[in-house]
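What the coordinates show
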Amino acid sequence: MATILLVEDDDMIASGLEYALGQEGYAVVCRTGVRAALEAVEKESFSLGIIDLGLPDGTGFDVCRALRAKGTPVVFLTAVDDEANTVRGLEMGADDYITKPFRLRELIARVGAVLRRAGGEAPSEIALNSEIMVDPLRGKVYRLGAELILTALEYRLLLTFISHRGQVLSRTQLLEGIWDVGGGFVEDNTLTVYVRRLREKLGDDSQNPTIIKTVRGMGYRLD
Ligand code: CA
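Protein coordination at the calcium ion comes from D9 (OD), D52 (OD) and G54 (O), with a distance range of 2.2 to 2.3 Å. Each donor residue of the calcium ion belongs to the same chain, with the gaps between them written as D-x42-D-x1-G. Using a relative accessible area of 47% as the deciding quantity, one classes G54 as partly exposed.

Taking 1.5 Å as the rise per residue, helix α8 (residues 188-202) with 15 residues should run 21 Å; its terminal C-alpha atoms sit 22 Å apart, in good agreement. Regarding α8, the residues found buried are L191, Y194, V195, L198, R199 and L202. The buried side chains of α8 occupy one side of the element, clustering within an arc of 135 degrees when seen end-on. Opposite the buried face of α8, by more than 90 degrees, sit the exposed residues N189 and E200. At the exit of α8 stands G203, carrying a positive phi of roughly 80 degrees.

Further remarks concern the environment of M1. Mapped onto the elements, M1 comes out in the segment before β1 (3-7). Separated by 26 residues in the primary sequence, M1 and A27 have C-alpha atoms spaced 7.2 Å apart. The residues touching M1, leaving out its near neighbours within four places in the chain, are G25, Y26, A27, S47, I162 and S163.

What follows covers the pairing of strand β9 (residues 132-135). Inspection of the sheet shows strand β8 (residues 126-127) paired to β9 by 2 bridges, in the antiparallel sense. Following the sheet pairing, A127 is matched in β9 by M133. Hairpin geometry of β8 and β9 is characterised by an intervening segment of 4 residues between the two adjacent antiparallel strands. Here β9 runs beside strand β10 (residues 140-143); their pairing, made up of 4 bridges, is antiparallel. Bridging across to β10, D135 finds its partner in K140. Between β9 and β10, which pair antiparallel and follow one another directly, the connecting turn spans 4 residues, one of which, G139, has a positive phi of 65 degrees.

Moving on to the packing of helix α6 (residues 152-163) against helix α7 (residues 171-178). Following both chains from N to C, one finds α6 and α7 inclined at 125 degrees, their axes separated by 9 Å at the closest point. Relative to α7, the element α6 lies oblique. As for the relative orientation of α6 and α7, their crossing is right-handed in sense. Residue-level contacts link L153, R156, L157, T160 and F161 of α6 to L174, G177 and I178 of α7. Classifying every residue of the contact of α6 with α7 by side-chain character gives 5 nonpolar, 2 polar and 1 charged.

Further remarks concern the pairing of β10. Relative to strand β11 (residues 146-148), β10 runs antiparallel, the two sharing 3 bridges. Looking at β11, one finds that Y142 is bridged to E147. Where β10 folds back on β11, the antiparallel hairpin that results is connected by 2 residues, among which L144 adopts a positive phi of roughly 50 degrees.

If you walk across this open sheet you meet the 5 strands as β2-β1-β3-β6-β7, and the pairing is parallel. Bordering the open sheet on either side are β2 (27-31) and β7 (96-100), each of which pairs with just one other strand. For this sheet the average axis-to-axis angle between neighbouring strands, irrespective of direction, equals 20 degrees. Inspection of the sheet shows strand β6 (residues 74-79) paired to β7 by 5 bridges, in the parallel sense.

In this section: the pattern of salt bridges. Two side chains carrying opposite charge are able to pair once their charged atoms lie near each other. Taken as a whole, this structure holds 11 salt bridges when the rule is applied. Among the salt bridges present, the one from D96 reaches R110, with a minimum N-O distance of 2.8 Å. Of this pair, D96 sits in strand β7 while R110 sits in helix α5 (residues 104-117), placing them 14 residues apart in sequence. For D96, a relative accessible area of 15% corresponds to the buried category. The class of R110 is partly exposed, set by a relative accessible area of 25%. Of the charged contacts in the structure, one is a salt bridge between D223 and R221, with a shortest N-O distance of 2.7 Å.

In this section: the packing of aromatic side chains. Using the criterion set out here, one finds 2 aromatic pairs in the structure. Ring plane angle 75 degrees and centroid distance 5.6 Å describe the contact between F61 and F76, whose orientation is recorded as edge-to-face. Taken together, the positions of F61 in helix α3 (residues 60-69) and F76 in strand β6 put the pair 15 residues apart, joining distant regions of the chain. When sorted by exposure, F61 lands in the same class as F76, which is buried.

Each value, and the rule that gives it
- Residues numbered from 1 in each chain as written.
- Predicted model: local features only at pLDDT ≥ 70, side-chain atom pairs only at ≥ 80, totals over all residues.
- Heavy atoms only, no water.
- Donors = N, O, S within 2.8 Å, 3.2 Å for Na, K, Ca; no water.
- Buried < 20%, exposed > 50% of the residue type's maximum accessible area, 1.4 Å probe, protein only.
- Helix = DSSP H or I, 4+ residues; strand = E, 2+ residues; numbered from the N terminus.
- Expected span 1.5 Å × (residues − 1).
- Arc of directions from axis to C-beta.
- Contact = heavy atoms within 4.5 Å.
- Pairing = 2+ DSSP bridges.
- Axes fitted to C-alpha atoms, helices over the stretch in contact; angles between N-to-C directions.
- Parallel < 35°, antiparallel > 145°, perpendicular 65-115°, else oblique.
- Left-handed = near helix turned anticlockwise from the far one by under 90°.
- Nonpolar A, V, L, I, M, F, W, Y, C, P; charged D, E, K, R; others polar.
- Salt bridge = Lys/Arg side-chain N within 4 Å of Asp/Glu carboxyl O.
- Phe/Tyr/Trp six-rings, centres within 6.5 Å; stacked < 30°, edge-to-face > 60°.

Below, the structure is given as structure tokens:
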């Protein structure tokens, strides 16, 4: 799965983008400043960086340089009428730039295009086990080739697990993951019900689950 490093200090933009990209099946790592972003670049490898230029502790150019040194494609977020910096970013090897304010659909289309150019790293099918296949591009889930019908919330829950595969997710993290951007609220005890239903649909035995595991006292984990 493609993992995107998002470096943006505006909370509203960062959380909106994280959500939208997650819905497209990308794993997103968010950082709000240059130093934290550079640490992330050192530790992990990313499929793509989306980098805001104006950051509290420097400019996005430093992050761009580090990503380009590892051959990672970069898309800049720039302010309107910042032609000088846009040109500088492209000269540094950025693959594309998006002017704020932008439309999410446009950004996602451009991100997909850059990833395809970079070598077909747009998210493709993800196998949960030998039976279950998730196709995030089409938003579909299959079990032994037959499509499973998930509700929007169950699907969002599954994507939250997929983008943090192997990690224990607390109930709070899962609730944030399925939080409706429109402001809908999911009750904590409802989460238990959603996890149970998702397990049922995936054919996971809730007494002895092998796909979505319960980690006692901590939360759940997708292996
Ligand atoms: Ca900024």
